[in-house]
Each structure stands twice: as structure tokens, then as C-alpha cells.
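This is what each chain is made of:
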Amino acid sequence: MSNQDSVNIRPGVSILSVLRHLNYKPWYAIAEFVDNSIQSYLDYRDELQALEGKKFKLRVSIRLDRIDGGSIVIRDNAAGIHASDYTRAFRPAAIPPDQSGLSEFGMGMKSAACWFADNWTVRTSALGETVEKTVSFDIDKIVADNLEELVINSVAANARDHYTEVALSNLHRSPRGRTVGKIKNHLASIYRQFFRDGMLELEFNGEMLSYADPMILYAPYFKDEGGNRVEWRKEIDFDFGGGLEVSGFAGLLETASTSSAGFSLFRKSRVIEGSGDDGYRPEYIFKKPNSYVYQRMFGELHLSGFEVSHTKDGFRWDENEEAFLGILKEHLDSKPLPLISQAEGFRKRPKLSDIQSPADAANTRVVNVLEQKLPPVLGTALEESPDLSDISVSLPSRPVASCKEFDITVKGTQWHIVVELTHDPSVGDWIEPCASLVQDVDTDTGSRAVGIRMSVAHPFMQRFAGTDDTKIEGMLRLGVAICLAEVVARFSGVKSAGTFRREVNRFLRDALSMP
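As the structure is a prediction and not an experimental result, all values here were calculated from the model. (Residues numbered from 1 in each chain as written. Predicted model: local features only at pLDDT ≥ 70, side-chain atom pairs only at ≥ 80, totals over all residues. Heavy atoms only, no water.)

Caption draft 1: Main features of the overall build of the chain. Per the secondary structure count, the chain includes 15 helices and 22 strands. For the chain, buried positions account for 50% of its 515 residues. Considering only residue pairs separated by 6 or more positions, the chain has 70% of its internal contacts joining residues 24 or more positions apart. Looking at the chain as shown, the accessible area adds up to about 24300 Å², and 49% of this sits on carbon and sulfur atoms. (Helix = DSSP H or I, 4+ residues; strand = E, 2+ residues; numbered from the N terminus. Buried < 20%, exposed > 50% of the residue type's maximum accessible area, 1.4 Å probe, protein only. Contact = heavy atoms within 4.5 Å. Areas by Shrake-Rupley, 256 points an atom, 1.4 Å probe, with all protein chains shown as cover.)

Caption draft 2: Seen up close, the nonpolar core. Ranked by size, the top nonpolar core spans 58 residues in total, and within it Leu168, Leu187, Tyr191 and Leu202 carry the most contacts. In this structure Leu202 touches Val34, Val60, Ile62, Leu187, Tyr191, Phe195, Glu207, Met208 and Leu209, once residues within four positions along its chain are discounted. Counting 35 residues, the second largest nonpolar core, distinct from the first, contains Ile236, Phe240, Val246 and Phe324. (Core = buried A, V, L, I, M, F, W, Y, C linked by side-chain atoms within 4.5 Å.)

Caption draft 3: Spatial organisation of the packing of aromatic side chains. Counted according to the given criterion, the structure contains 20 aromatic pairs. Consider the rings of Trp115 and Phe116, whose centres lie 4.9 Å apart with planes at 75°: the pair is edge-to-face. Assigned by exposure class, Trp115 and Phe116 land together as buried. For the pair Tyr221 and Trp232, a centre-to-centre distance of 6.1 Å together with 35° between the ring planes defines the contact as tilted. Separated by 11 residues along the polypeptide, Tyr221 in the loop between strand 10 (218-219) and strand 11 (230-231) and Trp232 in the loop between strand 11 and strand 12 (233-239) bring together distant segments of the chain. The exposure class assigned to Trp232 is buried, which follows from its relative accessible area of 1%. One aromatic cluster is present, built from ring pairs that chain together Phe238, Phe240, Tyr280, Phe306, Phe315, Trp317 and Phe324. We note Arg173 situated over the ring of Trp115; from NZ or CZ to the ring centre the distance is 4.2 Å. Above the face of the Tyr284 ring, Lys329 is positioned so that its terminal group lies 4.5 Å from the ring centre. (Phe/Tyr/Trp six-rings, centres within 6.5 Å; stacked < 30°, edge-to-face > 60°. Lys NZ or Arg CZ within 6 Å of the ring centre and 35° of its normal.)

Caption draft 4: Seen up close, the environment of Met297. With respect to the helices and strands, the residue Met297 is situated in strand 16 (residues 297-304). The exposure class assigned to Met297 is buried, which follows from its relative accessible area of 0%. For the pair Met297 and Glu344, spaced 47 residues apart in sequence, the C-alpha to C-alpha distance is 9.9 Å.

Caption draft 5: Main features of the pairing of strand 12. Of the two faces of strand 12, the one lined by Lys234, Ile236 and Phe238 is fully buried and the one lined by Arg233, Glu235, Asp237 and Asp239 carries no buried residue. As paired elements, strand 12 and strand 13 (residues 245-252) share seven bridges and run antiparallel to each other. Bridge assignment links Arg233 to a residue of strand 13, and that residue is Gly251. What sits between the antiparallel neighbours strand 12 and strand 13 is a turn of five residues, in which Gly241 has the positive phi angle 85°. (Pairing = 2+ DSSP bridges.)

Caption draft 6: Region of interest: the packing of helix 1 (residues 26-43) against helix 4 (residues 108-116). Close contact between helix 1 and helix 4 brings their axes to 9 Å; oriented N to C, the two are set at 140°. Judged by the angle between their axes, helix 1 and helix 4 are oblique. Regarding helix 1 and helix 4, the two cross each other, and that crossing is left-handed. Across the interface between the two elements, Pro26, Ala29, Ile30, Glu32, Phe33 and Asn36 from helix 1 touch Gly108, Met109, Ala112, Ala113, Trp115 and Phe116 from helix 4. Tallied by class, the residues present in the contact of helix 1 with helix 4 amount to nine nonpolar, two polar and one charged. (Axes fitted to C-alpha atoms, helices over the stretch in contact; angles between N-to-C directions. Parallel < 35°, antiparallel > 145°, perpendicular 65-115°, else oblique. Left-handed = near helix turned anticlockwise from the far one by under 90°. Nonpolar A, V, L, I, M, F, W, Y, C, P; charged D, E, K, R; others polar.)

Caption draft 7: Representation of the environment of Ile62. Residue position: Ile62 is located in strand 2 (residues 58-65). Along the primary structure Ile62 and Val73 are separated by 11 residues, whereas in three dimensions their C-alpha atoms are 5.8 Å apart. Leave out the neighbours within four places in its chain, and Ile62 touches Ile30, Val34, Ile72, Val73, Ile74, Leu187, Leu202, Glu203, Phe204 and Asn205.

Caption draft 8: Looking closely at the pattern of salt bridges. Taken as a whole, this structure holds 23 salt bridges when the rule is applied. Residues Arg75 and Glu165 are paired through a salt bridge, measuring 2.6 Å at the closest nitrogen-oxygen approach. In this pair, Arg75 is assigned in strand 3 (residues 71-76) and Glu165 in strand 7 (residues 163-171), connecting sequence segments 90 residues apart. A relative accessible area of 14% means that Glu165 is categorised as buried. Between Glu486 and Arg501 there is a salt bridge whose closest N-O contact spans 2.9 Å. Taken together, the residues Glu486 in helix 14 (residues 469-491) and Arg501 in helix 15 (residues 499-512) connect sequence positions 15 residues apart. A residue is classified by how much of its surface remains accessible, and Arg501, at 5% relative accessible area, is buried. Several salt bridges share partner residues, and in doing so they unite Glu32, Asp35, Arg270 and Lys312 into one network. (Salt bridge = Lys/Arg side-chain N within 4 Å of Asp/Glu carboxyl O.)

Caption draft 9: Spatial organisation of helix 10 (residues 321-332). An ideal rise of 1.5 Å per residue puts 16 Å on 12 residues; helix 10 measures up with 16 Å between its terminal C-alpha atoms. All of the buried residues in helix 10 are Phe324, Leu325, Gly326, Leu328 and Leu332. Those residues of helix 10 hidden inside the fold are in contact with strand 12, strand 13, strand 14 (262-267), helix 8 (283-286), strand 16 and helix 11 (339-345). (Expected span 1.5 Å × (residues − 1).)

Caption draft 10: Seen up close, the side chain of Asn320. As for its placement among the helices and strands, Asn320 is situated in the loop between strand 18 (315-316) and helix 10. Other than its neighbours up to four places away in sequence, Asn320 contacts Phe240, Leu244 and Phe306.

Caption draft 11: The arrangement of the sheet that holds strand 16 in detail. Strand order in the open sheet made by the five strands is 12-13-16-14-15, with mixed pairing throughout. Single-partner strands in this sheet number two, and they are strand 12 and strand 15 (270-273). Neighbour-to-neighbour, the strand axes of this sheet turn through a mean angle of 25°, independent of strand direction. Against the sheet, helix 10 touches strand 12, strand 13, strand 14 and strand 16, its axis set at about 145° to strand 12.

Caption draft 12: View of unusual backbone geometry. The peptide bond linking Lys335 to Pro336 adopts the cis configuration, its omega dihedral lying at 10°. Tracing the chain through its elements places Pro336 in the loop between helix 10 and helix 11. Unlike most non-glycine residues, Ser269 shows phi in positive territory, near 70°. Mapped onto the elements of the fold, Ser269 is located in the loop between strand 14 and strand 15. Ser269 sits in the partly exposed class, given a relative accessible area of 28%. Despite not being glycine, Lys287 shows a phi value in the positive range, around 65°. Among the secondary structure elements, Lys287 is positioned in the loop between helix 8 and helix 9 (292-296).

See the structure below:
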């Protein structure tokens, strides 16, 4: 049996038509539905556990489908929407009587649903009630006809049933490609505390989402490399009046990462700002994006007493952010664990296994460029017979991170060029033209051979390139240019052509590699 009733959605139905223009990001819009599910579970946790057992967990399932205009379906096993809450649930800006939870503005489900689609349906069975109710929204029709009531379709249900399903169809914006991955990443980050507490299972297109805590740096203070290794993590706890409190922790990442660094700012156990790869990194503390603090510092800070935007994607700081950052910075760099100083000064020596792949990728790209672009440039530069008397004849180094060879023809002369990246710490120079790399090449036929070696274990490379293949490539291009310029200078009759390169190496090792 089924029957019809209605729910009053006035006043403010005209608001519904403009909600699609909110400045949402898709993960924050989907989070509004998850928030409602969590709040329903928290409000009726005792009743749900009495029915289902103490091990009962909230389960929220999200399904995204791009066919037929796109659809998103969110289902949960929370307590459903009870009759006493029905009008408030569907009326725009109907603020709940209890605003201490995650549902506090009375707009979450409505604004997120309208942002995604003009057509959406809510089907729910409330715990302890014997009906399943369904209400459907067609925003264009509601606004055009100025509807103030919507029909509720009701069918009989078991009083033990408890669930809600929100189905959005004909999406304004259908997430696709990398955005889907970002949605999963951000949702897992936003609800990490609920995962840790063991109360939430969150599924997206059949994949159970989870959050992995980053590894924390365990090392001595950078000014005392022989000192004791410590965990670079500290508790943060301060109160700066007016009911504004901050607690949590801050630390340094074991491996520097621009995507993992930054603070996550929580309110009521949910990340408001700084989820996924979009960490909260104010310049006052983290400096510019190329700084080591920006790439290594992270943390979780729980803020109490602060207001948030109605889309729950940022804090409303008013005049408080400057004071917050000032006190926070003092705590971060206080002894005995000065996090900012350690982030700025510490350099982690990469393992050979970490450098092998990026070094080889960088070397491959540089050699490809040299093969294509070098012959005409070198041909123009060369004028006289070569004098290779002061080129390095150092022994081959080991281990080799990457070695590439190629041949080019310049004005009828064959050139054999070898470019080697070495991870051998015994190699003292950053860059050198190295005769030993081409000592087996037959030059009796008039061909030429040039060997170029760069050390990725050099402190200058460790400090400014690390394991980033694009940075290694830039350094290698510069080093190759210096070595080729030296070779060309010798062909042009310049005496002591290696002086410039030797002085560059000396300055880099003795001065410019230092913190």
C-alpha cells in the first residue's frame, strides 16, 4: 500500500535555482551528504547499536555514473530522516535546533544537490517508523510554478529498517578523469578521524576509502648530524582567548612532498581546510613554494570556537588568523624540537635506488636534446684542432646512476659523446669532462670523443635537486653546457680552458652547497 502526503518547502524556494552557481569543489559538495549521514548516526547511535549490536558501523556508499547525463547516488545505513525532521530537512535555510554537530546551517543537502543537478530524489526509512518516504525535486518546475509544497510518496516499511538514499540525475557537472581520483583522495582525507575512531566505512564506486598517515622524519638535528635521532613531531595546544582554542600536532615528513605537506584544519573531527593535496600553507610559516618548509612540514590542528563558511570548505577567520599564525609559529619553532629550523636546514641523502630512475629519465631527455640540437651549434663553435691536454682522466666511478652514449656528425667529423651521472660519493667534482669515459673509442680515423660526468651525490645536487628528475635535468643541462664550452674553448686555442670549470666546482662544494 502507498499513500501521498506533502512537505512544505517555503519560504525561499527561489534560492534553490541559484545554488548551482555556488563556488563548490565536487569533494566538498559530496561531503555534505556524508556529513548528514554521520550526524544521523551520531544522533541515534545508542538506538542503532541496541538494534544492530555494539560493533555496528556507519556505512556510506557513493556511486558515480557518467552515462545518460550522469548520476550520483549516495546511500547510508544511518537512522534515516524522521517525520519530526522532514520539513526542516527539505526547507531551504531551516537551521536545526541543535547546531553543535556537523549539520548546522540547514543548507548542506539542498545546496550540494542543487549544485550537482536540478533533478534529485530522497528516499528514506527512519529507525522506528513504519513507512518509507520518497520526495523528488525538479528545480526548474519548483521555481517556474512557485511551488511551496512537494508530494511525499509513502510505502509501508519495517520499523527496524534505517537508511537514506539520495539520487542525483542529469548532472550539471559530471566528475571525470583526474577529478574522480581527487574526490576519493579528498574524501578519505576529510573523514580520516572518523576512520580512526572505527565508526565510518566510506565506499566510492565499490572502493573502500582509507587514509594512510604519512611517515614522520626520524633524524638528528641538522646542526648536529652525529647526534641522537629523534622523531620530528610535537603536540600543539594553545588558547588565545574568546573561546578560541587549537590542539593537535605538527611534524616533518620523512620524504619531502609538495602534495603531502601542509596543515589539515579540523572542526568537530572533520577536515574543513587542508584536505588531500591542498594543504593549508600560509606563507607566514611555509614561505614560498620552493622552500623546504613548504615541502616538508605537515600537521593536524583541531580548531574550536572558529566559524566556518556555509559550504564548510574554509574558516571565517575575521581578524583572528594573524594572531593564530603568530602563536602557532612560536610553538612550531620552539625548543627542543624547532620544526621550522629543521625543515630549512635538514637534507636527506637519497638512496641509490631512489635516484636511479629520476637520474636516468633526466639523462635520457638531455641526450635526446643533444642528439637533435648539438651538431649545428657545435659546428659553428669549432674552428681549430683540439687540445685535450688538461681534460680529466679520472678513473670510472661506481656506482653509476645513469650512462648514455650517442654519435653525431659535425661538419663531416664523427663525434662520440658519453654523458654519465654517478652516485659515487668519492667523486668530488660536480661536473667534469672525463677522458676515461671515452678511452676505448677509436679516434685514429679522425673522429672525436667527449666524456662528461656529473655527480648526483655532490652536496649541491643533494641540497637543490634531490630525487626530482626535472631538477636533475636542469642541473645536467647546465653542467653539459659548461663542459662543452670548455671543449670548444680548447679547439679555439684557449689556454687553461678548464680553469672556469674547476673554480665552479670549488665554489659549489666549499661554499654554495652549505645551508
